[in-house]
Amino acid sequence: MSLINAPSPHTSRHTDTGAVMRQVVYATLPGLAALVWQFGLGSLLNVLWAVLVALVCEALFLRARGKPVAFYLKDWSAVVTAVLLGLALPPTAPWWLTLIGVGFAIVVAKQLYGGLGMNPFNPAMIGYVLLLISFPVAMTQWIAPGDAPAPADSLALFLGQAPADAFTGATPLDTFRTWAGDAEALAGRDILAGELAGPGWEAVNLAFLLGGLYLLARRIITWQIPVAFLAGLALPALIAHQVDAARFAGPLFHLFSGGAMLGAFFIATDPVSAATSRLGRFIYALLIGLLIWVIRTFGGYPDAVAFAVLLLNLSAPFIDYYTQPRAYGHRKANKGANP
Amino acid sequence: MRANLTLFQRLVPGARRAPTYDFPGGVHPAEHKSVSNQTPIAPGPRPAQLVLPLNMHLGAPARPIVTVGDRVLKGQMLAEPAGAVSAALHAPTSGTVVALGPRPIQHPSGMDALCIVLEPDGEDRWAERRPVADHTRLGPGKLIALLRDAGVAGLGGAGFPTSVKVNLGDHQRVEQLIINAVECEPYITADDRLMRERADEIVLGIQILQYLLNPHDTLIGIEDNKPDAIAALRAACADSDVEIRVVPTKYPSGGEKQLIQLLTGKEVPSGSIPAQCGVVCQNVGTAWAVKRAVHDGEPLLSRVTTVTGDAVARPGNYEVWLGTPVADLLRHAGVDKDRLGRLVMGGPMMGFTLHDPSVPVVKTSNCIIAASAEELPEPPPEQACIRCGACAEVCPANLLPQQLYWYAKTDDFERAQHHNLMDCIECGACAYVCPSHIPLVQYYRYAKGEIRTQTAEQIKADRARERFEARQARLEREQAEKEARRRARLEANRKKQEAATESGAGDEKLAALKKEVGQASSAYKAAVKAAKTAEAQEADNAAELRARADSLKAEADRAKAALRDAKATAPAPAAAPAESSALADLKKAVGEASSAYKAAVKAAKHAEAEETDDAAELRARADQLKAEADRLKAELRDAKAAQGPAAPPAAPAPSTQDSGTSPEKPADTPSVANTAVDEQAAGKRQKRLKGLKTAYNMAHKQYKEAHAAVERAERAGQDSDEALAAMHAKVEKLKAKADHCRDALDALVEQAKADILAHTGKDLKTLKLDAARAESALRDKADELERRRDTSDADTLETLNSELDALQEHAQLTRLALKTAVEEQGLVEE
């Protein structure tokens, strides 16, 4: 008889990385549905196309790096990156925009760093920021809520056959930025008159929140990052709003506008580029939330999830050095990079 | 510390009173316990051979006291404990020792180790047993010795000898004795069945442990998945002070550190043992073994082992003789060899795979899992770590396993240690949950091994460097001393040379002085005569003449003294053409010095006889000259001794004494003018010691060489008898010479020691002892301080520090006393 010779433990929880990643993809479905409902088929087309591009890029580069292609594709990480980027892109994005963004995310931000687990930055956000800086007009146009284009129009937009401006309008974040400080003007804007935030956007964010709660329930993610993220965003908003309601939007508006929920539950929780210890993750996400509020309020861009996440990706190793947990039998935690 | 009341505690009355604490992390693997805990403990197989490794326990392997062919009885000791941490080994049944040699044993790396192989005779005849009905009558000392001789070791996992664990110092107070009945690993039910069936015996064992450790509380920690065992223990403990604490099922609650945290909220400080925080843990099976050893007089011969897994037809618990090959046990349980895919000794979380089923069951083998490849399949290939942190969520030691993994993988051991890798208990919870199937524990074992090796090498390198530096310093010192001696010699030679060139002038001066003396004395005599005449004539000027005669006498004496001085100081006539060797120079110097001394003595005697004023002065001068002569003599002897061996061995080596230039007294009589110990004498003795040592070493070496040469010649048988006889004679002579040197050396050392005694009132040995004692007291105090640095308050540390300072001063003083005593006597510290 030939006996298996393996180190302990000899049993495992029977999960694998692919399963974890699939759970993340499933959890985005409510959000995707809400996007399609509010803004037309564009987001779905983006996501599907992004997945296809990602898989092809991943396969090509795995092959070029001499890695077993099928084995690595099974970890579903490329799919997750593609889905997240596809969700973040405007529903009016033409195919080539997605191609460039996803291609850059997979090839440069992930594979060139050594593949899954080795990338210091969130690949989807790298792709997003690349596009945002290179094609600012295409990236900041968004369909006005409740004005979803017909499927045929969405397809035409996707293929680059129709002019985007025919369908686009200002987002609630844009609008607030434009009229901030003028209470009367703000009060007159329909787009800011949702139950929680702007109409349409609150639905999308609620859907992503739902998906995020599913991830929490399945223990795919832990509570530290989403809670700290949202707290970091909401607390300064609350304080500032108390001081001057006309100049500063309220916490609910911030939480349910733009990419807040997508960022809190799906983007910032990417474990590869986040901090590792529990306390570290809390600080990491708290600072992301704070930075989003700062950029939204004082910066040049209407939304800031991508920038904030990338800046904190940079700081994650540093945060890790100072947030080692206190190990059993030690009176205090070790701090710093080196002994 | 949080006190978590679990659902179980809320539901089970009685459990509520005792708060249990929680430990971070942990996992809940499928239990698989009902596979093996449904049937009572059954007897194990009766194998054809028992293979008994000498290191079934943790610590030094036992020392065999039987030889191949010995017939032994059941319970007879086969190997005795060797060293402080060790346990005895006994024959599990009667039979014959058929082999004593290496066999594959229960080791993760599948290595071989020394085993005693016993062939049972089937009679199972007992040796004499000595049950102790009342252990309190025996006393702790004898009881501990009994446990040691009975081979009782921890049956839970590590196999630490129980006699060591219960033998705490008087100063160590045990607050809690914890009986570990958790059995948190899946599959294993050995303790579960043992508790259900032998709870009374276990409680008796616990009472013996209580007697030895005298704990404030005794707690049994048991998981809530063993309700029958809990009930049995409750019944058995009904009228004792043993408290049963039920803990929620979670792996690894049964880890020693985790159980301590669960039951007491204490954490064992990193790098120490539980006893340091007042806790002693014993496995429930060990308590049973203790009872058997004491009350029944039965040493540890067998243990309850779970045999489980879907490749055996009759899973269950078996009371297995130690040394039973796993293959026999599996056959006994009805193994299906074709289905067997993975064979694990221990549990599925921390056990290790066996590749050879012939390895024996030992004291720590609590479980054998014979699983099919479907039940415990081949691990899937390792995927990339996505730093998901699932491992950190389950780590009971609160580490960051994913960080440790990166550091281990990139050989960044410094950072791994900074992240407390050494506190990892290798429970496997992290690898159990890892979605990327990374064998994390294996990475940690690798890194730990590397760190241990590196630390050991670092220590070794440090020691080598220290040795090298010490040697370098010694060589430099010796070089400097050599140089100083060379300078001194040159200086002496130069002076001598000058004296020699001056001696021509000296001769003339001497003649002039002689003349002067002659004139002075004749003037004196004339004056005396004149004075006498005057006195006889009673002339007026008689007194005047007398005075004049006196003054003339003084004048004459002065001249005489000057002549004597000149004679004494003037070196003898210039040397004959100098012998080239320094030896010749020295010889000459000795000759000169001794004749000068003799002259001086004569002059002094003369002066004394005449009762001249300068007699005392002359005497002193003579003494000085004698000292000088002695010094030169000693130098000559040393030089000769050092040079002696270089001379052809055919020339009989002169003993150190027969350099005899001074005929009047033996050379080494210590009647030096200065009886007080002074530096000069010390230096002299040191020089002599060194010279003698070199001489002895050389002589001894020559003797050895000659001896070897003779033996060679005898073996070759080519030389004639005469030649051999001559060689023998030579050897004898060389031996005599070496012995002589040795004796002289010994005498000198003894004398020096006696002087030390006379001088300091203490002999050398006492001085050395004092120094060593002070040194070790200092070390102990420093250790204590180090140990208590983290745990004590500032006041205690302050006291300790001042004590340390005092000890340091004392040590310095004793060291100094020793050094001074030794140096004063010219001894060289070896």
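Residues numbered from 1 in each chain as written. Chains lettered and ligands numbered in written order. Predicted model: local features only at pLDDT ≥ 70, side-chain atom pairs only at ≥ 80, totals over all residues. Heavy atoms only, no water.

Examining the overall build of chain B
Test applied: Secondary structure elements are defined from DSSP: runs of H or I of at least 4 residues count as helices, runs of E of at least 2 residues count as strands, and each element is numbered from the N terminus. Whether a residue is buried, partly exposed or exposed follows from its accessible area with a 1.4 Å probe, protein chains only, as a fraction of its type maximum: under 20%, in between, or over 50%, in that order. The contact rule is simple, with two residues in contact once any of their heavy atoms fall within 4.5 Å. All accessibility values rest on the Shrake-Rupley procedure with a 1.4 Å probe; residue burial counts only the protein chains present in the view.
Across its full length, chain B holds 21 helices and 17 strands. Looking at chain B as a whole, 45% of its 830 residues are labelled buried. Contacts in chain B between residues at least 24 apart in sequence constitute 72% of all its contacts with a sequence separation of at least 6. About 41,100 Å² of surface is accessible on chain B, with carbon and sulfur atoms providing 53% of the total.

Some points on the sheet that holds strand β17 (residues 367–372) of chain B
Residues and elements named next belong to chain B. Put simply, the rule is: Here the rule is simple: two strands pair whenever DSSP picks up at least two bridges between them. To get an axis, a line is fitted to the C-alpha atoms, and for a helix only the part in contact is used. The angle between two axes follows their N-to-C directions and goes from 0 to 180 degrees.
The mixed open sheet is built from six strands, whose spatial order is β1-β14-β13-β17-β15-β16. Of all strands in the sheet, those with a lone pairing partner are β1 (42–43) and β16 (352–353), marking the two edges. By the bridge criterion, two bridges tie strand β15 (residues 340–345) to β16 in an arrangement that is antiparallel. Counterpart to Met345 in the pairing with β16 is Phe352. In this fold helix α5 (residues 190–213) packs onto β13 (302–308) and β14 (316–321), with an angle of close to 125° to the strand it touches most, β13.

With respect to the packing of aromatic side chains
Operational definition: Only Phe, Tyr and Trp rings are paired, with Trp represented by its six-membered ring, and only when their centres lie within 6.5 Å; those with planes under 30 degrees apart are stacked, over 60 edge-to-face, the remainder tilted. Consider the ring centre and the ring normal. A charge sits over the ring if Lys NZ or Arg CZ is within 6 Å of that centre and within 35 degrees of that normal.
What the rule picks out here adds up to 17 aromatic pairs over all chains. Summarising the aromatic geometry, the rings of Tyr301 of chain A and Phe307 of chain A are spaced 5.0 Å apart at their centres and angled 45° between planes, so their arrangement reads as tilted. Given a relative accessible area of 18%, Phe307 of chain A falls into the buried group. Their ring planes at 55° and their centres at 5.2 Å tell us that Phe318 of chain A and Tyr322 of chain A sit as a pair that is tilted. According to the relative accessible area criterion, Tyr322 of chain A is partly exposed, its value standing at 40%. Among the aromatic side chains, those forming a connected cluster through ring pairs are Phe39, Trp142 and Trp201 of chain A. The side chain of Arg742 of chain B reaches across the aromatic face of Tyr696 of chain B, ending 4.7 Å from its centre.

Here we look at the side chain of Gln258 of chain B
Relative to the assigned elements, Gln258 of chain B resides in helix α7 (residues 256–264). The contact partners of Gln258 of chain B, leaving out residues within four places of it in the chain, are Tyr328 of chain A together with Phe23, Pro252, Ser253, Pro396 and Ile425 of chain B.

Some thoughts on a nonpolar patch on the surface
Residue and element names in this part refer to chain A. As a reminder, the rule being used: Residues enter a patch when their relative accessible area is above 30% and they make no salt bridge; the linking distance is 9 Å between like charges and 5 Å between nonpolar side chains (Val, Leu, Ile, Met, Phe, Trp, Tyr). The term salt bridge refers to a pairing of a side-chain nitrogen on Lys or Arg with a carboxyl oxygen on Asp or Glu at a separation within 4 Å.
On the surface, Trp95, Trp96, Leu99, Ile100, Leu155 and Leu159 cluster together into a nonpolar patch covering about 500 Å² of accessible area. With four residues, helix α5 (residues 95–110) is the largest single contributor of residues to the nonpolar patch. Tracing the backbone through its elements, the reader meets Leu99 in helix α5. When its relative accessible area of 34% is taken as the criterion, Leu99 is described as partly exposed.

What about the interface of chain A and chain B?
Keep this limit in mind: By buried area we mean how much accessible surface two parts lose on assembly, using a 1.4 Å probe and totalling the loss over both.
Taken together, the 47 residues of chain A in the interface contact 67 residues of chain B. Around 5,000 Å² of area is buried between chain A and chain B when both sides are counted, 54% of it from carbon and sulfur atoms. The three residues of chain A that bury the most area against chain B are Ile4, His10 and Tyr328 of chain A, which together make up 18% of that side's buried surface. The interface formed by chain A and chain B contains two salt bridges.

Describing the pattern of salt bridges
Residue and element names in this part refer to chain B. Enumeration over the complete set of coordinates arrives at 45 salt bridges over all chains. For Arg465, the salt bridge identified is with Glu469, shortest N-O distance 3.6 Å. A residue pair is termed a helical-turn pair when its members lie 3 or 4 positions apart in one helix, as Arg465 and Glu469 do in helix α14 (residues 440–536) at four residues. Owing to a relative accessible area of 41%, Arg465 belongs among the partly exposed residues under this scheme.

Focus: the domain arrangement of chain B
Here is the rule: Domain borders in the structure are assigned automatically or taken from a domain database.
In terms of domains, chain B is made up of domain 1 (24–372) and domain 2 (762–824). Taking only C-alpha atoms into account, the centre of domain 1 of chain B sits 44 Å from that of domain 2 of chain B.

Observations regarding the domain arrangement of chain A
Residues and elements named next belong to chain A. When cut into domains, chain A gives domain 1 (17–169) and domain 2 (170–322). A C-alpha centroid distance of 21 Å is found between domain 1 and domain 2. Listed as interface residues are 33 residues of domain 1 and, on the opposing side, 30 residues of domain 2. Here domain 1 and domain 2 share an interface that buries about 2,600 Å² over both sides, 80% of which is from carbon and sulfur atoms. Interface area lost by domain 1 to domain 2 is led by Gln23, Asn122 and Met125, which between them contribute 20%. Summed over the shared surface of domain 1 and domain 2, the result is zero salt bridges.

Details of α5 of chain A
Residue and element names in this part refer to chain A. Using the following cut-off: Helix span is expected to be 1.5 Å times the residue number reduced by one. Note that bend, as reported per residue, equals the angle between axes fitted to the 7 residues terminating at that residue and the 7 residues originating from it.
The end-to-end C-alpha distance of α5 is 21 Å, a good match for the 22 Å that 16 residues give at a rise of 1.5 Å each. Of all bends in α5, the biggest is about 25°, found at Phe104. Buried within α5 are the following residues: Leu97, Thr98, Gly101, Val102, Gly103, Ala105, Ile106, Val107, Ala109 and Lys110. Buried-residue contacts for α5 involve α2 (42–64), α4 (77–88), α6 (123–134) and α7 (136–140).

Details of helix α14 (residues 260–267) of chain A
Of all eight residues making up α14 of chain A, eight are buried, and the element is well covered by its neighbours. For α14 of chain A, the complete set of buried residues consists of Ala260, Met261, Leu262, Gly263, Ala264, Phe265, Phe266 and Ile267 of chain A.

Description of the state of the cysteines
Residues and elements named next belong to chain B. Note the following rule: Whenever a pair of cysteine sulfur atoms sits within 2.5 Å, that pair is classed as a disulfide.
Enumeration according to the criterion identifies zero disulfides over all chains in this entry. The thiol of Cys424 is not disulfide-bonded; the next cysteine sulfur, from Cys430, is found 6.4 Å away. With relative accessibility at 13%, the residue Cys424 sits in the buried group.

A closer look at the nonpolar core
Looking at soluble globular proteins, one finds that nonpolar side chains tend to be buried together. This is how it is decided: Buried Ala, Val, Leu, Ile, Met, Phe, Trp, Tyr and Cys residues form a nonpolar core when they are joined through side-chain atoms within 4.5 Å.
Ranked by internal contacts, the top residues of the largest apolar core, which has 101 residues, are Phe266, Tyr284 and Ile288 of chain A. Here this core spans two domains, and each of domain 1 (17–169) and domain 2 (170–322) of chain A adds at least three residues to it. Every residue in contact with Tyr284 of chain A, bar those within four places of it in the chain, is listed here: Ile225, Ala268, Ser273, Ala274, Ala275, Val309, Leu312, Asn313, Ala316 and Ile319 of chain A. Listed in part, the 63 residues of the second largest apolar core include Leu78, Ile202, Ala232 and Ile244 of chain B.

Regarding unusual backbone geometry
That bond from Ser8 of chain A to Pro9 of chain A is cis: its omega, -5°, falls within 30 degrees of zero. By the element assignment, Pro9 of chain A lies in the segment before α1 (17–39). In this chain, Tyr251 of chain B is followed by Pro252 of chain B through a cis amide linkage whose omega measures 0°. Positive phi values are uncommon outside glycine, yet Trp76 of chain A reaches one of about 60°. Assignment of secondary structure puts Trp76 of chain A in the loop between α3 (69–73) and α4. On the accessibility criterion, Trp76 of chain A (28% relative accessible area) is partly exposed. Within the chain, Glu426 of chain B stands out as a residue other than glycine whose phi angle is a positive 60°. Relative to the helices and strands, Glu426 of chain B resides in the loop between α12 (413–418) and α13 (429–433).

Re the sheet that holds strand β12 (residues 279–283) of chain B
Residue and element names in this part refer to chain B. On the basis of which strands lie adjacent, the open sheet formed by four strands has the order β11-β10-β9-β12 and parallel pairing. Only two strands of the sheet have a single partner each, and these edge strands are β11 (242–247) and β12. On average, adjacent strands in this sheet sit at an angle of 25° to one another, irrespective of strand direction. Of the strand pairs in this sheet, strand β9 (residues 176–180) and β12 are connected by five bridges, and their pairing is parallel. What sits directly across from Ile178, in β12, is Cys281. Of the strands in this sheet, β9, β10 (217–223), β11 and β12 are in contact with α5, which crosses β9 at around 160°. Along the sheet face, α7 touches β9, β10, β11 and β12 and points at about 120° away from the line of β9.

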